[in-house]
Amino acid sequence: MTQRRWSLLAAAALVAATMTTATTAAGADDPAPPAPLTDPLPEPVLADFGLVVEEVAQFPKSDPVPAPTDPRLMRHARINYLGEIPDGSDRLYVPDLNGTLYFMAGGGKHGTIGQPYPYLDVRAKVGADFFASAGMGSGFGFVTFHPEFRTNGTFYTVHTEAYGALQTKTPDLTPQPNTAFHGVITEWTADDPKANTFTGTHREVLRLGFATRIHGIQQIEFNPTAEPGDEDYGLLYVAAGDGGIGVNTDEPQTLSTPQGKLLRIDPAGTDSDNGEYGIPASNPFVGTAGAIGEIYAYGFRDPHRFSWDTGGDNRLLLGHIGEKDVEAIYDIKAGDNSGWSEREGSFLYDKNDRCNLYPLPEGDEENGYNYPVAQYDHNPPPGLACGADVGHAVSGGFVYRGKDVPRLKDKYLFADLVDGRVMYTEDDEMVRGEAAAQIHELTLFDRDGNEVTAPVLAGDRRVDLRLGRDGDNELYLLAKANGKVWKIVGTKKVKDDRDVHPALSPYVVAHYDFERPNGDVEADRGPSGTAIDLINGGSDLRVKDGAFAASKRSIQLREADPAAGELPWKAGVYEDDADGVESLSRFNAAKGITVMGWVKMTGDGPSLNTNTPDPNDRYNAIGLAGVLSGNSDGHGVRALLELIDVNGELRLVALGRRVDTGNSQTFAASEDWRTLLPQGEWVHLAATFNYANGTMALYKNGRPIPGFYTRTDDPWGNNAPGEEVTSATNPRGIKIGGSFPQNGSERNPCNCRMDSLMFLDSSLTKLEVNQQYRRVQD
């Protein structure tokens, strides 16, 4: 039976907290229990400069065997690190989780990097039990070279095994109950360290047993700052995840097991239980009753990439992937407890409430947890099921100590491996025991100076991005999505007049910024070239009131004034025939649509109904902007952002229709519309329509708006056979500021201004909406 050992301080604090709660529960004047934190951390700020990156390598396509069913494993090549062999040969190495260790010649100060070539097929060498077809980190996970590789030819790999290994091989240390996968560290000794193809021998060093396919051994590494004679020289660090069970157990806090720990072993020693490695006498828990001596630090869920700062005080920095909401960077010292699964980042994690995080309890400093020196949060959209993949995960990086990019000096660069954001903190702001450092988000530029994003470079919204470092301390980006490597070769100042974020550029169909006066017509800045009519007011609709600093003009919309003989001001385009507006053909058979832009309410709403004799009668909606369906009379829509009556209350809604002849679905904001759209204030709104999975979302100022669907059936027919896209018809137009884009009947005019309206042929992600908002606000 697995022995459990808790930190005495942590256990005492938990007991004290429990006793306090039990004792004071009945008191009339007791403080209310802490409220869950819906948004624990501020957004990273946008840096005023970006990174110039240059593509240096393309890796061969590879596939897991057997073929996976999880699309997240169906990548071009599952490359996940880049380093330089410490032998002066200037060779770079890159492992592919699917089984191959690659070398590349050149690089650094020695010249152009060569194309990758296979050095060792780990999968073939270790045999049929090699497993890489489920779990994001399964397969050939990592490789590191002994600091004396030049003379001893020794290096180490970690890979995953299953199948027959579960019956024929016994894990070392304490395996997790119901072990289903093994993480195996292997020592390899090359006959000729200078050779570009491996021949030699190998032996097993350490085998750990994990209950699930996630959070296994994530990294192994030698301290590159240790010199011969130093206590740390030649010792191997092993980052072992919690096997996926820390979310509802205290495994990471249990010092009798290796899971959820950072281990440190001596691969040249023999005093371990299996006799294949040594346990350094200086490890912090050597001699501690009930603890395994291999532990260097503990309290981890998924420690994903650690590195030593090769300058400064040579500290160890570790990226940690969170469970609920927090991605974190830790400064690790011997004996540290980083808190999981009692803490997530610098917040309280409650195993009985996996849906929320809470503030730290009073007196928490007595627990002795090591909290992050930098952290950011997920901000999951409303309605996302607890435990669902939110599409964020930190990949730890490096403090820049190179010479080629002086602007990066003393900055710790890291990434979100899923969405591909590259970020940094200042090294001297990451201080243990103090407030977490400010995180800055970096723009990317290609070698020609064009602004890009990691998803654009990788050709996929899921980038699977990692960082690498060569022997000159220059940094690289690697993407599994397309198997490419880019070197960071410089920096570039970000212009202040940015408007469309490059992450959105592939999806923009029409974009109206109202900055190019052209009489009664507004030109389309998007690729479709769909001009819209400024109806009734013509050029007078354009007003000098930009929604953000780089904008000078917006469009004024308003209701009719029959007494003055004025018609409503609105905008749009309409074609009353079966071909629709052909320039909007990208909305034909679309998988998703987004309607987005800035809105400022400038008058009453809803407007007075001029079609009835009752002077107090008002319309029941306020039209904002939408894409018409393929059979529309001007009113029927495919994707609409509007305010309409929902069960007797006016609400901000996303209203969509997948099939022209089918039913519509409405997603309504829970919050009062007057709070969401206060008078005289510019607000950035977005409505997303994902026809493939039948979902919609609303956003205000880059943040999801909580809401509800007005129907619980299947109005879009997503459960019916066939591809889940919109009807294969061109929309009949776009409407802005009312019910109809034609200059005729009007039911729902908007007394408002609009700016930078965009219509996109994709349901943007939460991050992409936020990036667009922050692009012009920060």
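Residues numbered from 1 in each chain as written. Predicted model: local features only at pLDDT ≥ 70, side-chain atom pairs only at ≥ 80, totals over all residues. Heavy atoms only, no water.

**Quick notes on the overall build of the chain**
So, point 1. Counting its regular elements, the chain contains 7 helices and 45 strands.
So, point 2. In terms of overall dimensions, the chain has C-alpha extents of about 95 × 70 × 50 Å along its principal axes.
So, point 3. Buried positions account for 59% of the 778 residues belonging to the chain.
So, point 4. For the chain, the proportion of contacts with a sequence separation of at least 24, taken over those separated by at least 6, is 66%.
So, point 5. For the chain, the accessible area works out to roughly 29,700 Å², and carbon and sulfur atoms hold 49% of it.
So, point 6. The average position of the 72 basic charges and that of the 110 acidic charges among the side chains of the chain differ by 3 Å. (Helix = DSSP H or I, 4+ residues; strand = E, 2+ residues; numbered from the N terminus. Buried < 20%, exposed > 50% of the residue type's maximum accessible area, 1.4 Å probe, protein only. Contact = heavy atoms within 4.5 Å. Areas by Shrake-Rupley, 256 points an atom, 1.4 Å probe, with all protein chains shown as cover. Lys, Arg positive; Asp, Glu negative; His and termini not counted. Charge placed at Lys NZ, Arg CZ, Asp CG, Glu CD.)

**Structural notes on helix α7 (residues 766-777)**
So, point 1. Between its terminal C-alpha atoms α7 stretches 17 Å, which fits the 16 Å expected from 12 residues at 1.5 Å a residue.
So, point 2. A large share of α7 lies buried, amounting to 11 of its 12 residues.
So, point 3. Within α7, burial applies to K766, L767, E768, V769, N770, Q771, Q772, Y773, R774, R775 and V776. (Expected span 1.5 Å × (residues − 1).)

**Regarding the pairing of strand β37 (residues 637-646)**
So, point 1. Most of β37 is tucked away, with 9 of its 10 residues classed as buried.
So, point 2. Note: β37 against strand β38 (residues 649-657), 8 bridges, orientation antiparallel. From the neighbouring strand, L640 faces β38, where its bridge partner is L655. (Pairing = 2+ DSSP bridges.)

**Overview of empty space enclosed by the protein**
So, point 1. Inspection of the entire model under this criterion finds 5 cavities of 30 Å³ or more.
So, point 2. Looking at the lining of the largest cavity element by element, the count peaks at 3 residues for α7. (1 Å grid on protein atoms, 1.4 Å probe; cavity = no way out; pocket = protein on both sides within 12 Å on 5 of 7 lines; lining within 4 Å. Points joined across faces, edges and corners; volume = space filled by probe spheres on them.)

**With respect to the sheet that holds β38**
So, point 1. Strand order in the open sheet made by the 9 strands is β30-β31-β34-β44-β36-β37-β38-β39-β43, with antiparallel pairing throughout. Each of the sheet's edge strands pairs with one partner strand only, and the pair in question is β30 (521-522) and β43 (707-709).
So, point 2. Note that strand β34 (residues 570-574) and strand β44 (residues 733-736) share 4 bridges and pair antiparallel. Counted as the bridge partner of V573 is I734 from β44.

**Structural notes on the side chain of R207**
So, point 1. Secondary-structure assignment places R207 in strand β9 (residues 200-210).
So, point 2. At a separation of 3.0 Å, a polar atom in the side chain of R207 contacts the side chain of E161.
So, point 3. Each residue touching R207, except ones within four places of it in the same chain, is listed here: E161, A165, K169, T170, P171, D172, H182, G183 and V184. (Polar contact = N/O pair within 3.5 Å; in protein donor to acceptor, adjacent residues only side chain to side chain.)

**Examining the pattern of salt bridges**
It is possible for side chains of opposite charge to pair when their charged atoms get near one another.
So, point 1. Enumeration over the complete set of coordinates arrives at 51 salt bridges.
So, point 2. Here E768 ties to R461 by a salt bridge, and the two come within 2.8 Å at their closest N and O atoms. One end of the pair, E768, is in helix α7; the other, R461, is in the loop between α5 (454-458) and β26 (465-469), and 307 residues separate them in sequence.
So, point 3. For K600, the salt bridge is made with D545, and the minimal N-O distance between the two is 2.7 Å. Separated by 55 residues along the polypeptide, K600 in strand β35 (residues 592-601) and D545 in the loop between β32 (542-543) and β33 (554-557) bring together distant segments of the chain.
So, point 4. For K600, a relative accessible area of 13% gives the class buried.
So, point 5. Connected through shared salt-bridge partners, D309, R315, D331, R401, K409, D410 and D427 make up one network. (Salt bridge = Lys/Arg side-chain N within 4 Å of Asp/Glu carboxyl O.)

**Overview of the sheet that holds strand β10 (residues 217-222)**
So, point 1. Spatially, the 4 strands line up as an open sheet ordered β10-β11-β12-β13, and their pairing is antiparallel. Each edge of the open sheet is held by one strand with a lone partner, namely β10 and β13 (295-298). Across the sheet, the mean angle separating the axes of adjacent strands is 15° when strand polarity is ignored.
So, point 2. Where β10 and strand β11 (residues 236-240) come together, 5 bridges link them in antiparallel fashion. Bridging from a neighbouring strand, E221 pairs with Y237 of β11. (Axes fitted to C-alpha atoms, helices over the stretch in contact; angles between N-to-C directions.)

**Let's talk about the nonpolar core**
So, point 1. Membership of the largest hydrophobic core comes to 69 residues, with the highest contact counts inside it found for L101 and F155.
So, point 2. Apart from the residues lying within four places of it in its own chain, the contact partners of L101 are Y93, V94, P95, Y117, P118, Y119, L120, F140, V143, F145 and F155.
So, point 3. Membership of the second largest hydrophobic core comes to 51 residues, among which are V509, L534, V581 and F667. (Core = buried A, V, L, I, M, F, W, Y, C linked by side-chain atoms within 4.5 Å.)

**Some thoughts on the packing of aromatic side chains**
So, point 1. Counting across every chain of the model gives 33 aromatic pairs.
So, point 2. Between Y93 and F145, the aromatic rings sit 4.8 Å apart at their centres with planes inclined by 50°, giving tilted as the arrangement. Of this pair, Y93 sits in strand β3 (residues 92-95) while F145 sits in strand β6 (residues 140-145); the two residues are 52 residues apart in sequence, bridging distant segments of the chain. By the burial criterion, Y93 is buried, and F145 matches it. (Phe/Tyr/Trp six-rings, centres within 6.5 Å; stacked < 30°, edge-to-face > 60°.)

**A few points about unusual backbone geometry**
So, point 1. Geometrically, the link from V65 to P66 is a cis peptide bond, its omega value of 0° lying close to zero.
So, point 2. With respect to the helices, strands and loops of the structure, P66 is situated in the loop between β1 (45-58) and β2 (83-84).
So, point 3. With an omega of -10°, the peptide bond between G605 and P606 qualifies as cis.
So, point 4. Here P606 is to be found in the loop between β35 and β36 (621-628).
So, point 5. In this structure, N178 takes a positive phi of about 55° despite not being glycine.

**Here's the deal with a negative patch on the surface**
So, point 1. Residues E575, D577, D579 and E582 make up a contiguous surface patch of negative charge.
So, point 2. For D579, the position within the fold is in the loop between β34 and β35.
So, point 3. Exposure remark for D579: the relative accessible area of 47% places this residue in the partly exposed category. (Patch = residues over 30% accessible without salt bridge, like charges linked within 9 Å, V, L, I, M, F, W, Y side chains within 5 Å.)

**Quick look at the environment of Y233**
So, point 1. Tracing the chain through its elements places Y233 in the loop between β10 and β11.
So, point 2. A relative accessible area of 19% means that Y233 is categorised as buried.
So, point 3. Distance in space between the C-alpha atoms of Y233 and N719 is 60 Å, their sequence separation being 486 residues.
So, point 4. If we ignore the near neighbours within four places in the chain, the residues touching Y233 are P147, E148, A226, E227 and P228.
So, point 5. A distance of 3.0 Å separates the side chain of Y233 from the side chain of E148, its partner in a polar contact.

**What to know about the confidence of the model for the chain**
So, point 1. Across the chain, the average pLDDT comes to 92, with 94% of residues at or above 70.
So, point 2. Below a pLDDT of 50 lies the segment residues 1-28, which in the model reaches 30 contacts outside its immediate sequence neighbourhood of four places, other chains included. (pLDDT = per-residue confidence, 0-100.)

**Some words on the environment of R72**
So, point 1. Inspection of the secondary structure assignment puts R72 in the loop between β1 and β2.
So, point 2. R72 sits in the partly exposed class, given a relative accessible area of 31%.
So, point 3. Sequence separation between R72 and Q777 is 705 residues; the distance between their C-alpha atoms is 33 Å.
So, point 4. Aside from chain neighbours lying at most four places away, what touches R72 is M136, D389, R462 and D464.

**Structural notes on the side chain of S756**
So, point 1. Following the sequence through the fold, S756 ends up in strand β45 (residues 752-760).
So, point 2. Within the local environment of S756, its side chain forms a polar contact with the side chain of H511, the two groups lying 3.1 Å apart.
So, point 3. For S756, the contacting residues outside a window of four places in its chain are H511, Y512, D513, F514, F548, M596, G597 and W598.

**Regarding the environment of G605**
So, point 1. Examined against the element boundaries, G605 turns out to sit in the loop between β35 and β36.
So, point 2. C-alpha separation for the pair G605 and P86, spaced 519 residues apart in sequence, amounts to 69 Å.
So, point 3. What G605 contacts, discounting residues up to four positions off in sequence, is I622 and W673.

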